[in-house]
Amino acid sequence: MEIITTDQDLTQAGFYWRDADGVRALVCGPLEDDGFVNGFSTRLGGVSDMPRDSLSLAGFNDDKAENILENRRRFLKLFPGTWSLAGCWQVHGADIRVVEKIEDAKPAENELGDTIYCDAILSAADGVLAGVKTADCVPLLIGDPKTGAFAAVHAGWRGTLAEIGVVAVRRLVNEYNVQPENLRVAIGASAGPCCYEVGNDVIDAFTQKFPNAEKLFAPTREGHALIDLLKSNQDQLIAAGVRPDRIHTAPICTMCRTDLFFSYRREKSVNGNVGRLMAVIGRL
Ligand SMILES: [Zn+2]
């Protein structure tokens, strides 16, 4: 079932498109109003052959480094100012990297094979743009208007099961003394409950961990169900003290909308190489 998202749906959810020179990103307005540069990339406006003019921002196994670096340069032009991108080599875990100063900011996955293994980046430093890459997984951007601390989080089903959003909130509390009720969270495009089918291994793991897990699943064929990772992440954040009205979820699915986004699940078996999206946040 394909879900059609209109610009009105996006506006109601707190998001708008930012376009420049053919490059397009989804921006969360309330997070921006709280003092945070933020954006979720699309596949539009790049130089990668996926199939053409695609903005793949990571994944050096699937694309040439020169393409990815040019695409990053184009993407960062959407955000006025000078930024140092801070990323990590994502491993579907719940480890977090804290970037204390701009000198420590670097994209952990780069052409040099630099590796910092984690799935969330925290910082409060000016000029640091924390970024996570996705292609179906759930990207969470978190900002605290009181302290200026922020986080970019990558939550696939494994990260969601490991409650990486909650781990990130707790770390923000410990590192920067944030109050969870002040946090603003933007959840970007990801594989939605309309499309993301999983098997019994995932269903069992969630059912064992979360008491109300059955509401996350809609059964399909024998041994399979559609999973709602967005709801799981929302529920976890609310349980960690984030106010529901301060969580903004983009109502748009990467698997439905491969015209706009990369989808590992839709494209890997068809095209072989899949591009990567990026979600970024920094202090205005
Ligand atoms: Zn979908």
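Residues numbered from 1 in each chain as written. Predicted model: local features only at pLDDT ≥ 70, side-chain atom pairs only at ≥ 80, totals over all residues. Heavy atoms only, no water.

### Re the coordination of the zinc ion
In step 1: Protein ligation of the zinc ion involves C194 (SG), C195 (SG), C253 (SG) and C256 (SG), the donor distances falling in the range 2.3 Å.
In step 2: Relative to the metal, the four donor atoms surrounding the zinc ion lie at angles of 103 to 115 degrees, and the coordination shape comes out tetrahedral.
In step 3: Donor residues for the zinc ion sit on one chain with the sequence pattern C-C-x57-C-x2-C. Separated by 61 residues along the polypeptide, C195 in the loop between β11 (184–187) and β12 (197–199) and C256 in the loop between β15 (247–249) and α8 (264–271) bring together distant segments of the chain. (Donors = N, O, S within 2.8 Å, 3.2 Å for Na, K, Ca; no water. Tetrahedral: all angles 85-135°; square planar, octahedral: opposite > 155°, others 65-115°. Helix = DSSP H or I, 4+ residues; strand = E, 2+ residues; numbered from the N terminus.)

### A few points about the sheet that holds strand β2 (residues 23–28)
In step 1: One open sheet holds the six strands; their spatial order is β1-β2-β3-β16-β8-β5, and the pairing between them is mixed. With partners counted over all chains shown, the strands left at the sheet margins are β1 (15–20) and β5 (84–86), one partner each. Taking the axes of each pair of neighbouring strands and ignoring which way they run, one obtains an average angle of 30 degrees across the sheet.
In step 2: As paired elements, β1 and β2 share six bridges and run antiparallel to each other. By the bridge assignment, F15 is partnered in β2 with C28. (Pairing = 2+ DSSP bridges. Axes fitted to C-alpha atoms, helices over the stretch in contact; angles between N-to-C directions.)

### Quick notes on the nonpolar core
In step 1: Counting 44 residues, the largest nonpolar core has I142, V153, L172, F206, F217 and I227 as its most contacted members.
In step 2: Top element by residues in this core is helix α5 (residues 164–176). It accounts for five residues.
In step 3: Discounting residues that sit within four places of it in the chain, L172 has contacts with L122, I142, A149, F150, A151, N177, V178 and L183.
In step 4: Counting residues in each nonpolar core, the second largest holds 35 residues, with V99, A105, A125 and F150 among its members. (Core = buried A, V, L, I, M, F, W, Y, C linked by side-chain atoms within 4.5 Å. Buried < 20%, exposed > 50% of the residue type's maximum accessible area, 1.4 Å probe, protein only. Contact = heavy atoms within 4.5 Å.)

### Focus: helix α6 (residues 200–209)
In step 1: Burial in α6 covers these residues: V202, I203 and F206. The arc enclosing the buried residues of α6, seen along the axis, measures out at 100 degrees, which places them on a common side. Of the exposed residues in α6, the ones pointing more than 90 degrees away from its buried face are D201 and Q208. (Arc of directions from axis to C-beta.)

### Re the pattern of salt bridges
Between side chains of opposite charge, a pair can form when the charged atoms approach closely.
In step 1: By the definition in use, this model includes 19 salt bridges.
In step 2: D19 is the partner of R24 in a salt bridge, and the nearest nitrogen-oxygen pair spans 2.8 Å.
In step 3: Across the pair D104 and K101 runs a salt bridge whose closest N-O atoms are separated by 3.2 Å.
In step 4: A residue is classified by how much of its surface remains accessible, and D104, at 30% relative accessible area, is partly exposed.
In step 5: One continuous salt-bridge network, built from bridges that share partners, spans D34, R184 and R246. (Salt bridge = Lys/Arg side-chain N within 4 Å of Asp/Glu carboxyl O.)

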